[in-house]
Amino acid sequence: MTNFQDRWPNPSSKQLVLKINKSFLRILLLAFLGGLSALYALPSHADGKHEFHFEVSRGDVFYRFFFTAGLNGELLNKMMKSDERASRLSRIAPGDKFKITLDDNHDLKKIIFQPLDANPLLITYSKQKFRFVSVNIQPTEPLTHSTIVISKSLNYDGKKAGIEPEVIDLIIANFTWAMDFSRDLQKGDKFILAWDGGSTPSAIIYVGARKTIALFAYTSAVTGKNYYDISGKTLNDTFDFTGLKYSRISSSFTKSRWHPVLKKYRSHKGTDFAAPKGRPVYATAKGTVKHVAVVRGYGNVVYLSHGTEIVTLYAHLSKFAAGLKTSQKIKKGQLVGYVGSTGLATGPHLHYEIRINGVHQDAEKVKLPKQLSVPTNTLSSFKNKAKSLLEQLGIK
């Protein structure tokens, strides 16, 4: 005879009872949410509506609004587990307001929760991921915005304000073309991010003591979503092929080249442009002076950084431009030095390098980013929208 006690744990075990209770409660909760979803969901995608507005009355609960918008219990359960700030939705009071927006497929796009006694909570849903932004958001119908106030650094204060790391990276990638984050940011400066329900801001505005830089999102069928200033141009620059008038390319980028000074084969990670000694050398794009130095192989050399990824190098210079110094902002076409043959060189020429994220690139083949412009046929509406947004945010 089978001894069932040998095959089934002691039912008096506290650990077993606890495990069974937790499993039972989880199943019960999901069944309950699913039942409520079926009860409150309206037919045919909530009658085809894409926006739902609710004001809390006594006895209301959030899930009733969620299901009325045609959304299901499984999604609600996922949202409530995705961020600790979601627990705020279970503590609603009369007078609080909700706006639930669906996309064209009637899937959840965003939720704006506006309690009477606190700043609103913006919840977006994109690519199966929820994002919560709650600190410093102010409602400016139909716009919401969040503010990063600088006390230490953009990364520190952005995280403190609840801004996603991907958005911080986006700010740095765009604004590095116009400012030095390590030197230009001052305590009390602000980054204002406007949101329209997407996972990235519809506008990013830097407000400092000395200047304001405003960028606005524009999506093109060709180039995708990018950020443009109010004139309709991106902050990044278009690179010139080279920074001087040259007679010929005396040596191209190659993995193996006979070095005329060292008398051996080695890689040549740049492009040499033959030109007479003393000919002016100019920056191929706007950027920041990273180094002005004398290096054994390069001789007199200038490094320029452009944005967060690109560095250009100008070597064998006979001398530097007067007053050129590290961290100086530089314009496209601005003088950096003069052709020479300092370092390991047999004659006057410019040795020019392009590095992207530290990797050497062939200047004759590499495709560098270009400055983009809002198309002429939509520029007027773009500018009007940008001006309207600035007015809503109270920025002049």
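Counting starts from 1 at the beginning of each chain's written sequence and moves along it residue by residue. Residues qualify for local features only when their pLDDT is at least 70, as the model is predicted, and side-chain atom pairs are given and counted only at 80 or more; totals for whole chains, interfaces and linings, by contrast, use all residues. Here the side-chain values reflect all heavy atoms present in the structure, with hydrogen atoms and water set aside.

1. Quick look at the overall build of the protein
Helices and strands together make up the secondary structure of the protein, namely eight helices and 24 strands. We call two residues in contact when some of their heavy atoms are within 4.5 Å. Long-range contacts, defined as pairs at least 24 residues apart, comprise 59% of the intrachain contacts of the protein with a sequence gap of at least 6. Using the Shrake-Rupley algorithm and a 1.4 Å probe, accessible areas are obtained, with residue cover drawn only from the displayed protein chains. Here the protein displays about 22,100 Å² of accessible surface, and carbon together with sulfur accounts for 53% of that area. Under the scheme used here, helices are H or I runs from DSSP no shorter than 4 residues and strands are E runs no shorter than 2 residues, and both carry numbers assigned from the N terminus.

2. Side note on unusual backbone geometry
One non-glycine residue, Gln128, adopts positive backbone phi at about 65°. With respect to the element layout, Gln128 can be found in the loop between strand 4 (121–126) and strand 5 (129–133). Even without glycine at this site, Ser327 takes up a positive phi of about 75°. Looking at the secondary structure, you find Ser327 in the loop between strand 20 (319–320) and strand 21 (329–330).

3. Comments concerning the packing of aromatic side chains
Any two rings among Phe, Tyr and Trp, with Trp reduced to its six-membered ring, count as a pair given centres within 6.5 Å; such a pair is stacked if its planes are under 30 degrees apart, edge-to-face if over 60, and tilted if neither. Scanning the entire structure with this criterion turns up 21 aromatic pairs. Aromatic pair Tyr63 and Phe67: ring centres 6.1 Å apart, planes at 45°, arrangement tilted. Highlighted residues: Tyr63 and Phe67, both in helix 4 (residues 62–68), separated by four residues, approximately one helical turn. Residue burial is assigned from relative accessible area. The probe radius is 1.4 Å, only protein chains are included, and a residue is buried under 20% of its type maximum, exposed over 50%, and partly exposed in between. Judged by its relative accessible area of 26%, Tyr63 falls in the partly exposed class. Arranged with centres 6.4 Å apart and planes meeting at 55°, the rings of Phe273 and Tyr352 form a pair that is tilted. Of this pair, Phe273 sits in strand 15 (residues 271–274) while Tyr352 sits in strand 23 (residues 349–356), and the two are 79 residues apart along the sequence.

4. A short note on helix 8 (residues 376–393)
Residue pairs three or four apart in sequence face the same way in an α-helix, which turns once every 3.6 residues. Given a rise of 1.5 Å per residue, 18 residues ought to cover 26 Å, and the 26 Å separating the end C-alpha atoms of helix 8 matches this to within 8%. Gly394 sits one or two residues past helix 8 and shows a positive phi near 70°. The span you would expect from a helix comes to 1.5 Å times its residue count less one.

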